[in-house]
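For reference, the chains in residue letters:
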Amino acid sequence: MRAPLVVKRALDEPLLLLAALGSILLATTTLVALTMYASSIAGAGVRRALETASYRQTTTTISAQVDARTFPAYDRMVRDELAAAFGAPPGVTTSLRSDSYVMPGQDGEELPELLRFGSHDGLDRHARLVEGTWPRTGGQVVEAAISERAAEATGFEAGREFVTKARLDGSAVRVRVVGVFRLDDPVSGRWAGEELLSRGVERGEYTTYGPLMVTQETFAARFATGVRAVWAAEPDLGALTPERLGPLAQAVGRVGERLAAAGCVNCLTAGELPALLTQLGTASLVARSTMLIPVLQLLLLAGYALMLTARLLADHRRMEVALLRSRGAGAARLAALAGSEALLVAVPCAVVAPLLGPPLLALVGLLPWIRSSGVRLAPVADAGTFLVSFGVALAAAVLLALPAVAGARRTYVEEQSARGRGGRRGLIQGAGADLALLAVAGLAIWQLQRYGGPVTATAAGGLGIDPLIISGPALALLAGGLLGLRLVPRVSRLAERLTSRRPTLAPALGAWQVSRRPLKYAGPALLLTLAVAIGVISMATTSTWQDSQRDQADHQAAADLRLSGPSEGPELGALGRGTAFTALPGVTAASPAFRAPTEVGGQSALLLALDAGRLPELFRLRRDLSELTVAQLSAALPGDRAGRLELPGRPRTLTVRAESRAAAPARLVLSDALGVWRDLPLGELRLGGNRIELDLTPLAGRAGTIAYPLSVRGLVAGDESGLRLTGLSVDGRDVPGADGQDGDGRDVPVTGAVALPHGVVGFGPAREPRSLPVVLTSGLAATLKLNPGQEGSVRFAGRVVRIEVVGLVASMPTSAPDQQGVLADWETLQAYELAAAQPSRAATEWWLATTGSAAAREILRSNPQWDVTAVDRRELAATLRDDPLAGALQGGLTLGFAAALGFAVLGFLVNAVVAARERRAEFAVLRALGAGSRQLFGMLATEQAFVIGLSLAAGTGLAVVVGNLVVPRIVLTGQASAVTPGVLFHVPWASVAAMLALVTLVLVAIVAGLARRMWRGRTLEER
């Protein structure tokens, strides 16, 4: 049985068709894998973001004032509307809290301790019983369960029965405590609005205990007297796809309107879920749009590789085609033959590529930076995947057949006359199309830099992908490569002149060959240039992204561990917090800090005060953000500091004796060994002598310890007080007496006390401090018209302050994007405030340097009563690194990088083999003239070294130029926003050099193998 003509024709030229098959298979497989990856990573990123989002972010809460009559109707209405919004009934938790009840035995007291009752659906799922049972409904006695913390504070235990009365109407309720429970996670966001439940006690004007938890039925019947009910909807978002984010956000956002229309006029809806879903929708769109950048680059490379193979195939068969045409074959017949041959190669690739995509993505998932994120991709070949595969294969078939179809009208004589040396300039360069392409690429990159990303606002008011911006990097690479081709003739002529003067034959022949037909080498050179450029950009983008995640973590945290919270509390007082924090495992350095927004020169700015001496250990500032190093800033920031009077021993009380010429309120300024300042009110001083005794123990808190020694920094009263410190004495505990033993207390000499302006008594020079040294952000300095080294008076926190600018930073660590900032030395700022009779700055934060933070964070987590929020730099860096939406580009770049190298090697191999095969007669003549194998290899090496060297150099340079323009703009946060601090383009030169060396070795091995094959080929006589 005779095979069809197209099959026989294909088998007659297996090398080029195998090359075409490899190119199409590589293109379809990689593009299908990229399509699968983009879709899968967007879904995985959305799921990861929702899984790691806080309880507050994913929960929608509805609150309303209810009583026993309205609660059932409101409850049904809220649940129905939430089910309609989410498409299915979400998990709804209802919480209720009663009015205040008086603690048993305290009836009639002016400030009695109070109790509250409560109800919480499913409490048994988030707590476990320590003692007793969960309460039941029914009976005359109300059964209740109490938290372990509240039980410890009240002394209630399982089995305790008592009577309590409501403060409003005096109604009595008999209660039996039937169980004591412990919350599984007291610091969970679930209890963010339930501080009484998580802590067991709230202390203020009144001390309140509880709540005593009862069943919902009991609460509605006995305690629902116009109280507030809160419904918290916890939807199952695990199966949410990026396409459903927008509609769900709109539906949830309209729940409040629908409830009001249904009759719940006092229902208030709150929650961050609509904003989170909208932000995730934008981030998903941006992630998928940036994935198009490597896709378009790969399409460009694949298209050019196929065109190069198709041109070689057409050149090889042009005489055959001319003969067929001279024998009566028409253009349509020849075009059909070429198209059939292309489809014969493309169709198998279209079928196989979707099946190869999932295993290829599985290999990508094994990469360390992908695997560390915890994302496991499991894509499957569906109808859409096959559609993409067949579309790519069909386009490849068209490109493969196009040169053959274009040359189908030439006759045999025209083909013979067309053969020859060829021109030195291609059609593209001659027409100036490369310059036009460069202009379009420049416009696209300019738009990318202007809009800051590939997603822009559409005419309809939404967001969409700008095709020009997306295609900008690929167009820039192509334009740069085409411009590089203009160098080929010039460089080849220069190489010919240099080698012709040398006595060796091989280099001269190789250079002459390139100079004689430069366009023969231009195609492979452009392919290799584009492949190398794409490879280098892929490596640089991955490295830049990884560096940026570390920079973002350093900027947001600024210290290894940054602890924020109230400056003092019942558990840890103002002078007890620092001792607890510095004792955490792994802490090597610490500083109290003040961090809060303030007003500077009429502009809002972040004020940050730290111990300047600790800056080198604590303060993480990227080197390019300031002209001065952190060590130089540390040395420049300290200014005039306040003196001190150190108190001996470990005093628990302090007695202050002072004289005043007028009645005035006064305060004592105290500091501990860690540098924390605290103002102690002395009350209203009366005319003449005053003696005030201060209890220092509350400064530590119930669980804290004071860091001794304590120091008195000064006394502050009004300008008219004429305040004079006459004496200080401390208690006898741990205070050595004259004989070295503990004494009964003693006076502390105050001879160093001096009167300062503004009614301040201090222990330093009797003058106001000089200008306050500060570090400003560049934008704030420009607004204030101050340069480094200059001084000026500015309105600072509501009053005029003279400052000296000792340094500038482009962005202040811990600040929000585009937020201005001021950095000052902690001690200097406190001294400046004291001299101006202003209150001391409280330590709103603690900055810690640590060798490891896991153990410290576990201790903080197990002590929710400390009221601490921790920002862990290492944990933050891991979170940023593992964000699938932010790092989606890494996997795509890896696939593109591997495919680019594959196209480069395949194209180089095919072109070199075909070019060498066309010159068999030339090689045979050289052999007959006595040329040896080394000379033959030298000639081929010279020719191909021209292609390899020029391509590697041009590709690397092109990648650096285009990468600098593009990469910083496509590295975004997981929220699809600009990165702070700005992205620095980084080329991993060691990895790039290793990649270039590997490519060079592979290509040289191909040349060596080709030379060996040519040497063993037929001689001229055998031909």
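Below or above, wherever it landed, is the structure these notes cover. (Residues numbered from 1 in each chain as written. Predicted model: local features only at pLDDT ≥ 70, side-chain atom pairs only at ≥ 80, totals over all residues. Heavy atoms only, no water.)

**Details of the overall build of the chain**
A tally of helices and strands in the chain yields 32 helices and 33 strands. Residues classed as buried in the chain amount to 51% of the 1023 residues present. Considering only intrachain contacts with a sequence separation of at least 6, the fraction spanning at least 24 residues in the chain is 79%. Accessible area of the chain: about 44500 Å², with a carbon and sulfur share of 56%. (Helix = DSSP H or I, 4+ residues; strand = E, 2+ residues; numbered from the N terminus. Buried < 20%, exposed > 50% of the residue type's maximum accessible area, 1.4 Å probe, protein only. Contact = heavy atoms within 4.5 Å. Areas by Shrake-Rupley, 256 points an atom, 1.4 Å probe, with all protein chains shown as cover.)

**Some points on the side chain of Arg873**
By the secondary structure assignment, Arg873 is in helix α28 (residues 873-881). Of the residues examined, Arg873 reaches a relative accessible area of 13% and is grouped as buried. A distance of 3.0 Å separates polar atoms of two side chains, one belonging to Arg873 and the other to Asp560. Not counting residues within four places of it along the chain, the set of residues in contact with Arg873 comprises Ala553, Asp554, Ala557, Ala559, Asp560 and Arg620. (Polar contact = N/O pair within 3.5 Å; in protein donor to acceptor, adjacent residues only side chain to side chain.)

**Concerning a nonpolar patch on the surface**
A cluster of nonpolar side chains, contributed by Leu343, Val347, Val351, Val352, Leu356, Phe390, Leu394 and Val398, occupies part of the molecular surface with about 620 Å² of accessible area. For the nonpolar patch, the elements supplying multiple residues, two or more each, are α12 (331-365) and α14 (383-406). Among the elements that line the nonpolar patch, the one with the most residues is α12, at 5 residues. Note on placement: Phe390 falls in helix α14. (Patch = residues over 30% accessible without salt bridge, like charges linked within 9 Å, V, L, I, M, F, W, Y side chains within 5 Å. Salt bridge = Lys/Arg side-chain N within 4 Å of Asp/Glu carboxyl O.)

**Focus: the pattern of salt bridges**
Following the criterion strictly, the structure yields 34 salt bridges and no others. Among the salt bridges present, the one from Asp554 reaches Arg873, with a minimum N-O distance of 3.4 Å. Linking Asp554 in helix α21 (residues 518-557) with Arg873 in helix α28, this pair joins segments that are 319 residues apart in sequence. For the pair formed by Asp554 and Arg873, the shared burial category is buried. Notably, a salt bridge pairs Arg641 with Asp825, separated by 3.0 Å at the nearest N-O pair. Of this pair, Arg641 sits in the loop between α24 (630-636) and β18 (645-646) while Asp825 sits in strand β31 (residues 820-825), placing them 184 residues apart in sequence. Owing to a relative accessible area of 39%, Arg641 belongs among the partly exposed residues under this scheme. Ionic contacts of the salt-bridge type, sharing partners, join the residues Asp554, Asp560, Arg620, Arg873 and Arg874 into one network.

**Quick look at the state of the cysteines**
Put plainly, a disulfide is one covalent bond tying together the sulfur atoms of two cysteines. Enumeration according to the criterion identifies 1 disulfide in this entry. Note that Cys264 is cross-linked by a disulfide to Cys267, the S-S spacing being 1.6 Å. Since a negative S-S torsion denotes a left-handed disulfide, the Cys264-Cys267 link at about 65 degrees is right-handed. Note on accessibility: Cys264 and Cys267 belong to one class, buried. (Disulfide = S-S within 2.5 Å.)

**Re the pairing of strand β28 (residues 772-777)**
Buried residues dominate β28, accounting for 6 of its 6 residues. Covered by surrounding structure in β28 are Leu772, Val774 and Leu776 together with Pro773, Val775 and Thr777, the residues of both alternating faces. Relative to strand β30 (residues 799-809), β28 runs parallel, the two being bridged by 6 bridges. In the strand pairing of β30, Pro773 is matched with Glu804. Across 3 bridges, β28 lies against β31 in antiparallel orientation. Bridging from a neighbouring strand, Val774 pairs with Ala824 of β31. (Pairing = 2+ DSSP bridges.)

**Quick look at helix α26 (residues 826-835)**
Counting buried residues along α26, 10 of its 10 residues qualify, which places the element largely inside the surrounding structure. Every buried residue belonging to α26 is among Trp826, Glu827, Thr828, Leu829, Gln830, Ala831, Tyr832, Glu833, Leu834 and Ala835, and all of these are buried. Where α26 ends, the next residue or the one after it, Ala837, has phi of about 60 degrees, a positive value.

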